[in-house]
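A structural walkthrough
These are the residues of each chain, in order.
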Amino acid sequence: MESCMKRGNMETLRDYCVEEGFAITVISADNQRFTATCAAECCDWRVHASKLADGRTWAIKKIWPDKHSCRGWTSNNPICTVKWAANKLMEDITSNPEIKGKERNGLLFKKYGLYMKKSSLYNLKNFIGVDLALKKVWPTAKRRYCCRHLSRNIKKAFPGPLMYILSWRACNATNPFTFKKAMERLRMREKNKS
Ligand SMILES: [Zn+2]
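Throughout this description, residue numbers start from 1 for each chain and increase along the sequence as written. pLDDT decides what is reported in this predicted model: residues at 70 or higher carry local features, side-chain atom pairs at 80 or more are listed and counted, and totals for whole chains, interfaces and linings draw on all residues regardless.

Notes on the sheet that holds strand β1 (residues 24-29)
Should DSSP find at least two bridges between two strands, the strands are regarded as paired. Only DSSP runs of H or I reaching four residues or more are called helices, and only runs of E reaching two or more are called strands; each is numbered from the N terminus. Sheet architecture is open: 4 strands sit in the order β1-β2-β3-β4, paired in antiparallel fashion. Each edge of the open sheet is held by one strand with a lone partner, namely β1 and β4 (58-64). Taking each pair of neighbouring strands and ignoring which way they run, the sheet shows an average axis angle of 20°. Whenever a helix is involved, its axis is fitted only over the stretch in contact; in every case the axis is a line through C-alpha atoms, and angles between N-to-C directions fall within 0 to 180 degrees.

What follows is the structure, given as structure tokens:
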């Protein structure tokens, strides 16, 4: 596992967990260190990883105990999110867009030994459908964030007019100076709140 972590990044850990049939709960994580435990309550399995001196590669420093005391997930691993599965199956689905939900589950089982819930499979279909459609219609288009969507979320998280106005000021900025200024004020407000 150490070598696989060295090659990849934290995404590799997620793949590893899915393949091994367990889920993790992150205990602490920052840019340098990462500690997680098995999601099963009865299990003490832990992993600790940290970034190497190159500042990019992650390496597993410690896994203890060696073995899980839980029995793991035989199916419906909660780590297997729609986004994760879409990533893994994108190639298969791009080459065969008509592939049915059941067959997608078959592929997931063959490759990773797990199944997804019906509702997740449906979301997966939508997720990949939109992605493929966008690529087909606008193959070279860049995808961006919708400011109206963002500002609505900001309004929800920070009621009151100022954050809303500031977020729009940042969105509408036509030069880096105005953008930075608005972002700085947004950040300051956020800090004062918390
Ligand atoms: Zn476990």
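Details of the pairing of β4
By the bridge criterion, 6 bridges tie strand β3 (residues 46-51) to β4 in an arrangement that is antiparallel. If you follow Lys51 over to β4, its bridge partner there is Trp58. Once β3 ends, the chain turns through 6 residues before running back antiparallel as β4, passing Gly55 with a positive phi of about 75°.

Side note on the packing of helix α3 (residues 82-95) against helix α4 (residues 101-112)
At their nearest, the axes of α3 and α4 sit 11 Å apart, and the two run at 105° to each other. Relative to α4, the element α3 lies roughly perpendicular. Contact residues: Ala85, Lys88, Leu89 and Asp92 in α3; Arg104, Leu107, Leu108 and Lys111 in α4. Just so you know the grouping, Ala, Val, Leu, Ile, Met, Phe, Trp, Tyr, Cys and Pro go in nonpolar, Asp, Glu, Lys and Arg go in charged, and all remaining residues, Gly too, go in polar. Its residues placed into classes, the contact of α3 with α4 shows 4 nonpolar, no polar and 4 charged. Working rule for angles: under 35 degrees goes down as roughly parallel, over 145 as roughly antiparallel, 65 to 115 as roughly perpendicular, anything else as oblique. Working definition of a contact: two residues with C-beta atoms, positioned from the backbone, lying within 7 Å.

A few points about unusual backbone geometry
Most peptide bonds are trans, and most residues other than glycine sit at a negative phi. In this structure, Pro65 follows Trp64 across a cis peptide bond, with omega equal to -15°. If you trace the backbone, Pro65 turns up in the loop between β4 and α3.

Here's the deal with the nonpolar core
Cys17, Ile24, Ala85 and Met116 are the most contacted members of the largest nonpolar core, which totals 21 residues. For this core, the secondary-structure elements that each account for two or more residues are α2 (10-20), β2 (33-38), β3, α3 and α5 (118-137). The residues that make up this core include at least three from each of domain 1 (2-64) and domain 2 (82-137). Leaving out residues up to four positions away in the same chain, Cys17 has contacts with Phe22, Ala23, Ile24 and Ile79. A set of buried Ala, Val, Leu, Ile, Met, Phe, Trp, Tyr and Cys residues, joined to one another through C-beta atoms within 7 Å, is what we call a nonpolar core. Put plainly, a residue is buried at 20 or more neighbouring C-beta atoms within 10 Å of its own, exposed at 12 or fewer, and partly exposed in between, counting only other residues' C-beta atoms, which are placed from the backbone. These domain boundaries are the output of an automatic or database domain assignment.

Considering α3
Helix span is expected to be 1.5 Å times the residue number reduced by one. A rise of 1.5 Å per residue sets the reference length of α3, with its 14 residues, at 20 Å; its end C-alpha atoms lie 19 Å apart and thus fit the reference within 8%. What we call the bend at a residue is the angle made by axes fitted to the seven residues finishing there and the seven residues starting there. At Leu89, α3 shows its largest kink, close to 60°.

Considering the packing of helix α6 (residues 147-157) against helix α7 (residues 161-172)
Taken N-terminus to C-terminus, the directions of α6 and α7 make an angle of 155°; their axes are 9 Å apart at the nearest point. Here α6 lies roughly antiparallel to α7, going by the angle between them. The chirality of how α6 crosses α7 is right-handed. Between α6 and α7, the contacting residues are Cys147, Leu150, Ser151, Ile154 and Lys155 on the first element and Met163, Tyr164, Ser167, Trp168 and Cys171 on the second. Split by residue class, the contact of α6 with α7 holds 7 nonpolar, 2 polar and 1 charged. Here is the rule for handedness: rotate from the far helix to the near one, and if that takes an anticlockwise turn smaller than a right angle the crossing is left-handed, while a clockwise turn gives right-handed.

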